[in-house]
Amino acid sequence: MIIAIDGPAASGKGTIARRLATHYGLPHLDTGLLYRAVGAKALENNVDFDDTAALAGIAAALDLAALDAEALKAGPVGEAASKVAAVPEVRAKLLKLQQDFAHQPGGAVLDGRDIGTVIAPDAEVKLFVTATPEARAERRFNELLKRGEEVTLAAVLDDIRRRDARDSGRSSAPLVQAPDAQVLDNTGLDVEGSWQAALALAERARAAAGL
Ligand code: CDP
(Lines give C-alpha, C1' and ligand atoms only; values in the text may rest on other atoms or scores of the structure.)
Protein backbone atom coordinates (compact mmCIF):
# COMPACT_ATOMS: atom_id res chain seq x y z
CA MET A 1 0.00 0.00 0.00
CA ILE A 2 1.38 3.39 -1.01
CA ILE A 3 0.11 6.44 0.87
CA ALA A 4 0.73 9.80 -0.83
CA ILE A 5 0.28 12.97 1.22
CA ASP A 6 0.64 16.26 -0.63
CA GLY A 7 -0.05 19.85 0.31
CA PRO A 8 1.38 23.34 0.74
CA ALA A 9 3.88 24.56 3.35
CA ALA A 10 2.96 24.07 7.01
CA SER A 11 -0.33 22.34 6.24
CA GLY A 12 0.46 19.61 8.77
CA LYS A 13 1.05 16.95 6.14
CA GLY A 14 4.29 15.82 7.78
CA THR A 15 2.61 15.06 11.10
CA ILE A 16 -0.19 13.20 9.35
CA ALA A 17 2.27 11.22 7.23
CA ARG A 18 4.35 10.23 10.28
CA ARG A 19 1.29 9.11 12.20
CA LEU A 20 -0.14 7.15 9.28
CA ALA A 21 3.23 5.41 8.88
CA THR A 22 3.22 4.40 12.54
CA HIS A 23 -0.44 3.38 12.40
CA TYR A 24 0.02 1.08 9.40
CA GLY A 25 3.61 0.02 10.22
CA LEU A 26 5.05 1.50 7.02
CA PRO A 27 8.32 3.33 6.34
CA HIS A 28 7.98 7.09 5.83
CA LEU A 29 9.85 9.56 3.63
CA ASP A 30 9.50 13.33 4.07
CA THR A 31 10.46 14.29 0.50
CA GLY A 32 10.72 17.97 1.45
CA LEU A 33 13.93 17.04 3.27
CA LEU A 34 15.54 16.10 -0.06
CA TYR A 35 14.90 19.55 -1.53
CA ARG A 36 15.87 21.16 1.77
CA ALA A 37 19.16 19.24 1.73
CA VAL A 38 19.94 20.45 -1.80
CA GLY A 39 18.96 24.02 -0.84
CA ALA A 40 21.06 23.93 2.35
CA LYS A 41 24.12 22.65 0.48
CA ALA A 42 23.69 25.35 -2.17
CA LEU A 43 23.53 28.05 0.53
CA GLU A 44 26.55 26.57 2.32
CA ASN A 45 28.68 26.46 -0.85
CA ASN A 46 27.42 29.80 -2.21
CA VAL A 47 26.08 28.08 -5.33
CA ASP A 48 24.06 30.40 -7.55
CA PHE A 49 20.40 29.34 -7.73
CA ASP A 50 20.61 29.77 -11.53
CA ASP A 51 23.48 27.28 -11.81
CA THR A 52 21.34 24.27 -12.70
CA ALA A 53 24.30 21.97 -13.41
CA ALA A 54 25.80 22.59 -9.97
CA LEU A 55 22.40 22.14 -8.26
CA ALA A 56 21.78 18.89 -10.14
CA GLY A 57 25.24 17.72 -9.05
CA ILE A 58 24.36 18.34 -5.40
CA ALA A 59 21.07 16.43 -5.85
CA ALA A 60 22.83 13.49 -7.49
CA ALA A 61 25.29 13.21 -4.59
CA LEU A 62 22.61 13.28 -1.88
CA ASP A 63 22.84 10.57 0.77
CA LEU A 64 19.41 9.74 2.25
CA ALA A 65 20.95 8.21 5.36
CA ALA A 66 22.96 11.36 6.13
CA LEU A 67 20.09 13.88 6.19
CA ASP A 68 19.88 15.90 9.41
CA ALA A 69 16.12 16.55 9.61
CA GLU A 70 16.44 18.91 12.57
CA ALA A 71 18.98 21.25 10.93
CA LEU A 72 17.13 21.19 7.62
CA LYS A 73 13.95 22.53 9.22
CA ALA A 74 15.50 25.98 9.79
CA GLY A 75 13.53 28.87 8.27
CA PRO A 76 15.87 30.10 5.49
CA VAL A 77 16.36 26.54 4.21
CA GLY A 78 12.66 26.32 3.23
CA GLU A 79 13.00 29.26 0.88
CA ALA A 80 16.17 27.82 -0.68
CA ALA A 81 14.43 24.43 -1.01
CA SER A 82 11.54 25.90 -2.92
CA LYS A 83 13.98 27.62 -5.33
CA VAL A 84 15.98 24.47 -6.10
CA ALA A 85 12.73 22.44 -6.30
CA ALA A 86 11.69 24.52 -9.31
CA VAL A 87 14.75 23.31 -11.26
CA PRO A 88 13.72 20.34 -13.48
CA GLU A 89 17.27 18.87 -13.44
CA VAL A 90 17.18 18.73 -9.64
CA ARG A 91 13.77 17.03 -9.63
CA ALA A 92 14.99 14.53 -12.24
CA LYS A 93 17.94 13.53 -10.05
CA LEU A 94 15.67 12.93 -7.05
CA LEU A 95 12.95 11.05 -8.95
CA LYS A 96 14.23 7.46 -8.89
CA LEU A 97 15.18 7.52 -5.23
CA GLN A 98 11.62 8.56 -4.32
CA GLN A 99 9.98 6.11 -6.73
CA ASP A 100 12.09 3.27 -5.35
CA PHE A 101 11.16 4.25 -1.79
CA ALA A 102 7.45 4.33 -2.69
CA HIS A 103 7.50 0.99 -4.46
CA GLN A 104 9.45 -1.02 -1.89
CA PRO A 105 7.81 -4.32 -0.90
CA GLY A 106 5.02 -3.77 1.63
CA GLY A 107 4.54 -0.13 0.67
CA ALA A 108 5.39 3.25 2.15
CA VAL A 109 4.13 6.67 3.16
CA LEU A 110 5.58 9.71 1.36
CA ASP A 111 4.72 13.35 1.86
CA GLY A 112 5.54 16.28 -0.39
CA ARG A 113 4.11 18.25 -3.29
CA ASP A 114 4.01 15.81 -6.22
CA ILE A 115 3.71 12.36 -4.64
CA GLY A 116 0.17 11.61 -5.86
CA THR A 117 0.76 13.22 -9.26
CA VAL A 118 4.35 12.34 -10.30
CA ILE A 119 6.16 10.04 -7.86
CA ALA A 120 3.39 7.52 -7.20
CA PRO A 121 0.27 8.20 -9.30
CA ASP A 122 -0.63 4.57 -8.51
CA ALA A 123 -0.88 5.22 -4.72
CA GLU A 124 -3.92 3.57 -3.14
CA VAL A 125 -4.35 6.40 -0.65
CA LYS A 126 -3.95 10.03 -1.74
CA LEU A 127 -4.61 12.95 0.57
CA PHE A 128 -4.23 16.63 -0.27
CA VAL A 129 -3.81 18.42 3.05
CA THR A 130 -4.36 22.15 3.11
CA ALA A 131 -5.39 25.14 5.25
CA THR A 132 -5.62 28.90 4.75
CA PRO A 133 -2.28 30.74 4.42
CA GLU A 134 -3.04 32.56 7.71
CA ALA A 135 -3.60 29.31 9.64
CA ARG A 136 -0.46 27.76 8.17
CA ALA A 137 1.61 30.87 8.90
CA GLU A 138 0.54 30.78 12.53
CA ARG A 139 1.58 27.13 12.89
CA ARG A 140 4.95 27.70 11.22
CA PHE A 141 5.49 30.87 13.32
CA ASN A 142 4.97 28.88 16.53
CA GLU A 143 7.30 26.11 15.33
CA LEU A 144 10.06 28.60 14.51
CA LEU A 145 9.60 30.40 17.86
CA LYS A 146 10.05 27.08 19.65
CA ARG A 147 13.26 26.56 17.72
CA GLY A 148 14.44 29.91 19.07
CA GLU A 149 14.39 31.67 15.70
CA GLU A 150 13.66 35.40 15.66
CA VAL A 151 10.75 35.85 13.27
CA THR A 152 7.54 37.83 12.97
CA LEU A 153 4.16 36.41 11.99
CA ALA A 154 4.00 38.85 9.06
CA ALA A 155 7.36 37.65 7.69
CA VAL A 156 6.30 34.00 8.00
CA LEU A 157 3.01 34.70 6.20
CA ASP A 158 4.98 36.45 3.44
CA ASP A 159 7.29 33.45 3.13
CA ILE A 160 4.34 31.04 2.95
CA ARG A 161 2.62 33.11 0.26
CA ARG A 162 5.81 33.40 -1.79
CA ARG A 163 6.46 29.67 -1.58
CA ASP A 164 2.82 28.82 -2.39
CA ALA A 165 3.10 30.93 -5.54
CA ARG A 166 6.45 29.44 -6.54
CA ASP A 167 5.44 25.83 -5.78
CA SER A 168 2.11 26.14 -7.62
CA GLY A 169 3.40 28.24 -10.51
CA ARG A 170 6.47 26.24 -11.54
CA SER A 171 6.27 24.22 -14.75
CA SER A 172 8.03 21.13 -13.39
CA ALA A 173 5.78 19.03 -11.11
CA PRO A 174 3.83 21.96 -9.65
CA LEU A 175 1.91 21.68 -6.41
CA VAL A 176 -1.47 20.57 -7.65
CA GLN A 177 -4.12 18.31 -6.27
CA ALA A 178 -4.29 14.90 -7.97
CA PRO A 179 -7.76 14.43 -9.51
CA ASP A 180 -8.27 11.31 -7.38
CA ALA A 181 -6.96 12.79 -4.10
CA GLN A 182 -9.21 13.37 -1.10
CA VAL A 183 -8.91 16.92 0.23
CA LEU A 184 -8.47 17.60 3.91
CA ASP A 185 -8.78 21.28 4.84
CA ASN A 186 -7.70 21.37 8.47
CA THR A 187 -7.95 25.15 8.98
CA GLY A 188 -10.14 24.94 12.07
CA LEU A 189 -8.72 21.68 13.39
CA ASP A 190 -6.03 21.05 16.00
CA VAL A 191 -3.39 18.33 15.56
CA GLU A 192 -5.64 15.62 17.00
CA GLY A 193 -8.67 16.68 14.94
CA SER A 194 -6.56 16.79 11.80
CA TRP A 195 -5.20 13.30 12.54
CA GLN A 196 -8.65 11.80 13.12
CA ALA A 197 -9.93 13.32 9.87
CA ALA A 198 -6.91 12.05 7.94
CA LEU A 199 -7.25 8.54 9.35
CA ALA A 200 -10.94 8.43 8.39
CA LEU A 201 -10.09 9.48 4.81
CA ALA A 202 -7.26 6.94 4.59
CA GLU A 203 -9.54 4.15 5.82
CA ARG A 204 -12.14 5.16 3.26
CA ALA A 205 -9.58 5.03 0.43
CA ARG A 206 -8.29 1.65 1.64
CA ALA A 207 -11.78 0.23 1.66
CA ALA A 208 -12.40 1.60 -1.86
CA ALA A 209 -9.17 -0.07 -3.04
CA GLY A 210 -10.26 -3.36 -1.45
CA LEU A 211 -7.44 -3.35 1.15
O1 CDP B 1 6.77 21.94 5.40
P2 CDP B 1 7.29 22.87 4.37
O3 CDP B 1 6.40 23.00 3.21
O4 CDP B 1 7.78 24.15 4.90
O5 CDP B 1 8.58 22.27 3.75
P6 CDP B 1 8.86 20.96 2.98
O7 CDP B 1 7.67 20.10 2.80
O8 CDP B 1 10.04 20.43 3.66
O9 CDP B 1 9.24 21.46 1.48
C10 CDP B 1 10.22 22.45 1.24
C11 CDP B 1 10.15 22.84 -0.24
O12 CDP B 1 10.55 21.72 -1.05
C13 CDP B 1 8.77 23.21 -0.75
O14 CDP B 1 8.51 24.59 -0.69
C15 CDP B 1 8.76 22.72 -2.19
O16 CDP B 1 9.17 23.72 -3.07
C17 CDP B 1 9.79 21.63 -2.23
N18 CDP B 1 9.21 20.28 -2.39
C19 CDP B 1 8.88 19.86 -3.66
O20 CDP B 1 8.99 20.60 -4.60
N21 CDP B 1 8.43 18.59 -3.88
C22 CDP B 1 8.27 17.75 -2.85
N23 CDP B 1 7.82 16.51 -3.10
C24 CDP B 1 8.57 18.17 -1.54
C25 CDP B 1 9.03 19.45 -1.33
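This text gives an overview of the structure that appears in the document. (Residues numbered from 1 in each chain as written. Predicted model: local features only at pLDDT ≥ 70, side-chain atom pairs only at ≥ 80, totals over all residues. Heavy atoms only, no water.)

## Describing unusual backbone geometry
Item 1. In the Ramachandran plot, alanine 10 falls in the positive-phi region, its phi being about 60 degrees despite a non-glycine side chain.
Item 2. Within the fold, alanine 10 resides in the loop between strand S1 (2-6) and helix H1 (13-24).
Item 3. The exposure class assigned to alanine 10 is buried, which follows from its relative accessible area of 7%.
Item 4. In this structure, alanine 173 is a non-glycine residue whose phi angle is positive, near 45 degrees. (Helix = DSSP H or I, 4+ residues; strand = E, 2+ residues; numbered from the N terminus. Buried < 20%, exposed > 50% of the residue type's maximum accessible area, 1.4 Å probe, protein only.)

## Here's the deal with the packing of helix H2 (residues 32-44) against helix H5 (residues 75-84)
Item 1. Orientation of H2 relative to H5, taken along the N-to-C sense of each, is 105 degrees, at an axis distance of 7 Å. Relative to H5, H2 is oriented roughly perpendicular. On H5, the residues that touch Tyr35, Arg36, Val38, Gly39, Ala40 and Leu43 of H2 are Pro76, Val77, Gly78, Ala80, Ala81 and Val84.
Item 2. Across the contact of H2 with H5, the residue classes tally to 9 nonpolar, 2 polar and 1 charged. (Axes fitted to C-alpha atoms, helices over the stretch in contact; angles between N-to-C directions. Parallel < 35°, antiparallel > 145°, perpendicular 65-115°, else oblique. Contact = heavy atoms within 4.5 Å. Nonpolar A, V, L, I, M, F, W, Y, C, P; charged D, E, K, R; others polar.)

## Some details on the site of the ligand
Item 1. Around the ligand sit 19 residues, and of these Arg36, Arg91, Arg113, Arg140 and Asp167 come closest.
Item 2. Within the contact set of the ligand, an oxygen atom lies 2.6 Å away from a side-chain nitrogen or oxygen of arginine 36.
Item 3. Here an oxygen atom of the ligand sits 2.6 Å away from a polar atom, N or O, in the side chain of aspartate 167.
Item 4. Bound to the protein, the ligand loses 98% of the 530 Å² it would expose on its own.
Item 5. Of all the secondary-structure elements, those providing two or more residues to the shell around the ligand are H2, H5 and helix H9 (153-169). (Near = heavy atom within 4 Å. Polar contact = N/O pair within 3.5 Å; in protein donor to acceptor, adjacent residues only side chain to side chain. Areas by Shrake-Rupley, 256 points an atom, 1.4 Å probe, with all protein chains shown as cover.)

Remember, this is a structural readout, not a statement about activity or role.
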